[in-house]
Number of protein chains: 2
Amino acid sequence: MAEALTGEAILAATEEVLRRYGPAKATVVDVAKALGVSHGSVYRHFATKAALREAVTKRWLAAIHEEMTPAFGEGLTAAEVLRAWLQKLFDEKRRAHHEDEELFATFRTLVHESSDIVEYHLGHMVGQLTRIISAGVETHEFVTDDVDVTAQAVWDATNRFHHPAHAREWTGPRVQEEFDAVVSLVIAGLRYNRVPSAAGDA
Amino acid sequence: MAEALTGEAILAATEEVLRRYGPAKATVVDVAKALGVSHGSVYRHFATKAALREAVTKRWLAAIHEEMTPAFGEGLTAAEVLRAWLQKLFDEKRRAHHEDEELFATFRTLVHESSDIVEYHLGHMVGQLTRIISAGVETHEFVTDDVDVTAQAVWDATNRFHHPAHAREWTGPRVQEEFDAVVSLVIAGLRYNRVPSAAGDA
DNA sequence: CAAGTGACAGATTTCAATATCTGTCAGCAG
DNA sequence: CTGCTGACAGATATTGAAATCTGTCACTTG
């Protein structure tokens, strides 16, 4: 018998099986087979198939989170940082959609079931937006009454360019242009935004 | 034999059948049965089942288009007209989602197949946005280089609140608040979009 | 005794036979 | 002639029996 069976080894094997068969066909028995153990052993580490699937997705999202740290830097305006961040997110999602097709489909499944992993992911992403917007508010580049509400609004407004339900639309020739237009509109809005309750007008 | 079989009668019967069975179960034979004719007769008026389904949806969308004429009026700012229009659209979609559940599902199916009816619908909606934004540009309330691109951007930015893929999210308690935040951000953006000189921040 | 096994019950999926549906068309009735 | 019918071929959907999968647990093994 080789090394002890670790959670990490199971996750790696599951990812492999998921890539090969896709979320619809991958079974716990397949994972066990890939590891050369009985499926009962897998259940010693992960209580249910859903838990296993979520753990794999969590691992996958962690890599994306790593990538998605805002690039604050010398002489960059908050608007530039925000645009770059949103662009990177869009690029990353597009890449994942057609390169990690099967894992992406797993992620889409989780979104559909609105698991707490997804909730955590959304919280993380909106949190990064909050950081960027706060930085802009501090330099008076952006104006807003409530950074959290505004960060959520920016997330929602760019929904079409990161929500997996719209992944099929990401291949069209006009998408980048449409993305740019939305981001420009959003950035313009950040320069002079008030939440509804406090909204004055021109 | 009763009256002649008209396209209109077939559409009404189809809508009824669709409401009763839903898009997954409704068949052309069901429609013919409801009309007391053979299904061959239905094919005399509509070349395929898809054409029939699209015609019903077209009819349904026409009613929504009727409803969705922007309410320009004395003393209303373009921002007010825009917000009211978007709110009405959101309300109407939500209503349709839970009252006309089956027809809404048919519409969702069409969106998924990206038929030309949907394309027409989107064109119409973005066209209305163009009208509203143009009016705002004329009174210098809004600023933009390209009204069409901006109208599309407004449509995309509010995607989460009218795209049927997100219908399930429309029931949460926070949705209205999130909708308001996005609309406020968008309206703020329209005031300041792509302006080189003028009104410095704050 | 910690780590893994494999047989088991109930749930879910597969598969192939069967039934139904879509779309066509020759022909019938007014 | 015009509008409708009904039988038909091929495509699609339904169904139920068999196979597989999930999750459990008493038991082996080092």
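Note that the structure is a prediction, hence the values are computed from the model and not measured.

1. So, the interface of chain A and chain B
Contacts between chain A and chain B engage 35 residues on the former and 32 residues on the latter. Summing both sides of the interface, chain A and chain B together bury roughly 2700 Å²; the carbon and sulfur share of this comes to 64%. At the surface where chain A touches chain B, the tally comes to two salt bridges. Linking Arg-160 of chain B and Asp-156 of chain A is a salt bridge whose minimum nitrogen-to-oxygen distance equals 3.1 Å. Our enumeration of links across chain A and chain B arrives at seven residue pairs in polar contact (both at pLDDT 80 or more). Of all the secondary-structure elements, those providing two or more residues to the side of chain A that touches chain B are α8 (147–157) and α9 (175–190) of chain A. Per element, the largest residue contribution to the side of chain A that touches chain B is 10 residues, and it comes from α9 of chain A. Class assignment of the residues belonging to the side of chain A that touches chain B gives a composition of 16 nonpolar, nine polar and 10 charged.

2. Remarks on the nonpolar core
Core analysis: the largest hydrophobic core is formed by 113 residues, its most contacted members being Trp-85 of chain A together with Trp-85 of chain B. Aside from chain neighbours lying at most four places away, what touches Trp-85 of chain A is Met-68, Thr-69, Pro-70, Met-125, Gln-128, Leu-129, Ile-132 and Trp-155 of chain A.

3. Considering the UniProt feature "DNA-binding region" (unreviewed entry) in chain A
UniProt annotation of "DNA-binding region" (unreviewed entry) refers to residues 27–46 of chain A when read in the numbering used here. Secondary structure across residues 27–46 of chain A divides into 75% helix and 0% strand, with the first and last C-alpha atoms of the span separated by 14 Å.

4. Quick look at the protein's contact with DNA strand D
Around DNA strand D sit 16 residues in total, of which Tyr-43 and Lys-49 of chain A together with Lys-25, Ser-41 and Arg-44 of chain B are the nearest. Backbone atoms, meaning sugar and phosphate, make up 60% of the atoms of DNA strand D lying within 4 Å of the protein. A distance of 2.6 Å separates a phosphate oxygen of DNA strand D from a polar atom in the backbone of Lys-49 of chain A. Leu-5 of chain B is positioned with one of its backbone polar atoms (N or O) 3.2 Å from a phosphate oxygen of DNA strand D. Per element, the largest residue contribution to the surface near DNA strand D is five residues, and it comes from helix α3 (residues 39–45) of chain B.

5. Re the relation of the copies chain A and chain B
You can overlay chain A on chain B at an RMSD of 0.1 Å; the transform is a turn of 180° with a shift of 0.0 Å along its axis. Both copies are brought into coincidence by an operation consistent with a two-fold rotation axis. Considering only C-alpha atoms, the residue of chain A closest to the rotation axis is Gly-189 of chain A, which sits at 1.7 Å. Same-surface contact between copies: 89% of interface residues of chain A are shared with the interface of chain B.

6. Here's the deal with the domain arrangement of chain A
Residue and element names in this part refer to chain A. We note that the domain assignment places domain 1 (7–46) and domain 2 (50–198) within chain A. Between the C-alpha centres of domain 1 and domain 2 the distance comes to 31 Å. Domain 1 puts 12 residues into the contact, and the matching count from domain 2 is 10 residues. With both sides pooled, the region where domain 1 packs onto domain 2 buries about 1100 Å², and carbon together with sulfur makes up 70% of that total. Among the ionic pairs, Arg-19 bridges to Asp-100, the shortest N-O distance being 2.5 Å. At the junction of domain 1 with domain 2, the criterion picks out three residue pairs in polar contact (both at pLDDT 80 or more). The leading source of residues in the side of domain 1 that touches domain 2 is helix α1 (residues 7–21), at eight residues. Its residues placed into classes, the side of domain 1 that touches domain 2 shows seven nonpolar, two polar and three charged.

7. Quick word on the packing of aromatic side chains
Pairs of aromatic rings are described using the distance from one ring centre to the other and the angle between the two planes. All names here are of chain A. Going through the model one piece at a time under the given rule, you end up with 16 aromatic pairs over all chains. Between the aromatic rings of Phe-90 and Phe-161, the centroid separation amounts to 5.4 Å while the plane-to-plane angle is 70°, which identifies the pairing as edge-to-face. Remark: Phe-161 occurs in the loop between α8 and α9 and Phe-90 occurs in helix α5 (residues 78–99); sequence separation between them is 71 residues. Residue classification places Phe-90 among the buried residues on the basis of a relative accessible area of 0%. The exposure class assigned to Phe-161 is buried, which follows from its relative accessible area of 2%. In this structure, Arg-94 is placed above the aromatic ring of Phe-90, and the distance from its NZ or CZ to the ring centre is 3.9 Å.

8. Brief notes about the protein's contact with DNA strand C
Lining the immediate environment of DNA strand C, one finds 16 residues, of which Lys-25, Ser-41 and Arg-44 of chain A together with Tyr-43 and Lys-49 of chain B sit closest. Contact distances for DNA strand C include 3.0 Å between a phosphate oxygen and a backbone N or O atom of Leu-5 of chain A. Taking Ser-38 of chain A, its main chain carries an N or O atom lying 3.0 Å from a phosphate oxygen of DNA strand C. Contributions of two or more residues to the surface near DNA strand C are made by α3 (39–45) of chain A together with α2 (28–35) and α3 of chain B.

9. Here we look at the packing of α9 of chain A against helix α9 (residues 175–192) of chain B
Where α9 of chain A meets α9 of chain B, the axes come as close as 7 Å, and the angle between the chain directions of the two elements is 90°. Judged by the angle between their axes, α9 of chain A and α9 of chain B are roughly perpendicular. Where α9 of chain A abuts α9 of chain B, its residues Leu-185, Val-186, Ala-188, Gly-189 and Leu-190 of chain A lie against Leu-185, Val-186, Ala-188, Gly-189, Leu-190 and Tyr-192 of chain B. Its residues assigned to classes, the contact of α9 of chain A with α9 of chain B shows nine nonpolar, two polar and no charged.

10. Brief notes about α9 of chain A
With 16 residues, α9 of chain A extends 22 Å from end C-alpha to end C-alpha; this agrees with the ideal 22 Å at 1.5 Å per step. Of all 16 residues that make up α9 of chain A, 13 are buried, and the element is covered over most of its length.

Criteria and cut-off values
Residues numbered from 1 in each chain as written. Chains lettered and ligands numbered in written order. Predicted model: local features only at pLDDT ≥ 70, side-chain atom pairs only at ≥ 80, totals over all residues. Heavy atoms only, no water. Contact = heavy atoms within 4.5 Å. Buried area = accessible area lost by both parts, 1.4 Å probe. Salt bridge = Lys/Arg side-chain N within 4 Å of Asp/Glu carboxyl O. Polar contact = N/O pair within 3.5 Å; in protein donor to acceptor, adjacent residues only side chain to side chain. Helix = DSSP H or I, 4+ residues; strand = E, 2+ residues; numbered from the N terminus. Nonpolar A, V, L, I, M, F, W, Y, C, P; charged D, E, K, R; others polar. Core = buried A, V, L, I, M, F, W, Y, C linked by side-chain atoms within 4.5 Å. Buried < 20%, exposed > 50% of the residue type's maximum accessible area, 1.4 Å probe, protein only. UniProt positions renumbered as here; feature names shortened; annotations may be inferred. Near = heavy atom within 4 Å. Least-squares fit on C-alpha atoms with pLDDT ≥ 70 in both. Domains from an automatic or database assignment. Phe/Tyr/Trp six-rings, centres within 6.5 Å; stacked < 30°, edge-to-face > 60°. Lys NZ or Arg CZ within 6 Å of the ring centre and 35° of its normal. Axes fitted to C-alpha atoms, helices over the stretch in contact; angles between N-to-C directions. Parallel < 35°, antiparallel > 145°, perpendicular 65-115°, else oblique. Expected span 1.5 Å × (residues − 1).

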